[in-house]
Amino acid sequence: MRKRAELRKAEIVQTVLDLADQIGPDRVTTNAVAGEIDVTQAALFRHFPSKATLWQSVAEQLAETMAAAWEAALQGADGPEARILALIGAQLSQIEATPALPMLLFSRELNVENDALRGVFRTQLARFHALLLAEVDQAQKQALFRPDIPADDVVVLLTSLVQGVAIRWALGKRDFSLLDTGLRLLNAQLRLLSTDERI
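Residues numbered from 1 in each chain as written. Predicted model: local features only at pLDDT ≥ 70, side-chain atom pairs only at ≥ 80, totals over all residues. Heavy atoms only, no water.

A.B. asks: Mind showing me how you'd approach the packing of aromatic side chains here?
C.D. replies: To describe a pair of aromatic rings, you give the distance between the ring centres and the angle between the ring planes. Evaluation of the coordinates by the stated rule reveals one aromatic pair. Across from the ring centre of Phe 48, 5.5 Å away, lies the NZ or CZ of Lys 9, which sits over that ring. Sitting over the face of the ring of Trp 169, Arg 174 holds its NZ or CZ atom 5.3 Å from the ring centroid. (Phe/Tyr/Trp six-rings, centres within 6.5 Å; stacked < 30°, edge-to-face > 60°. Lys NZ or Arg CZ within 6 Å of the ring centre and 35° of its normal.)

Here you go:
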């Protein structure tokens, strides 16, 4: 029985992510994807006319998933510090659930070969930066964070923490909890950013 087109497309996208995790994004081919789900390349191309459109769908799916996770995180948190913790926690959870994500950010596919894919990721990273910036601004206005560090620099420190611990997790064969370690380091970072009265 043939699967409905949308279900098949979702299966293909997930297979790309699984293969990207197993062999690296730059080694994922349409032939490998087709073989993994037991269809011909011609059948694969009925859903995605090119490798570029396939990667575009992968990026869009990841973008939607991340945006939904960030929105849910913000709804359940009260106050700027809690929202920063929730946003970073949501992002760490997304990376843990999609281990290929850190590798995609440094792949040749993303950085050299596929402008559309790069555009989707840049847009998402800018959105995440903006969400964090709004909360850092609020924390500084409420005298929760030191005012002498520009808010934009604080956000770069926070996002760099996520990227750094994610790379360490990926290179270390995922032998520790990304979420737990990331949040522990984030709490240390937030203490360093706190106003003197709160230390």
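A.B. asks: What exactly am I supposed to notice about the UniProt feature "DNA-binding region" (unreviewed entry) in the chain here?
C.D. replies: The sites that carry the UniProt feature "DNA-binding region" (unreviewed entry) are, in the present numbering, residues 29-48. Each end of residues 29-48 is marked by a C-alpha atom, and these two atoms are 13 Å apart; helix forms 70% of the span and strand 0%. (UniProt positions renumbered as here; feature names shortened; annotations may be inferred. Helix = DSSP H or I, 4+ residues; strand = E, 2+ residues; numbered from the N terminus.)

A.B. asks: Explain the environment of Leu 74 here, please?
C.D. replies: Tracing the sequence through the fold places Leu 74 in helix H4 (residues 51-75). Each C-alpha atom, one on Leu 74 and one on Leu 131, is 9.3 Å from the other, the two residues being 57 residues apart in sequence. When sequence neighbours within four positions are dropped, the list of residues in contact with Leu 74 reads Arg 83, Leu 87, Leu 131 and Glu 135. (Contact = heavy atoms within 4.5 Å.)

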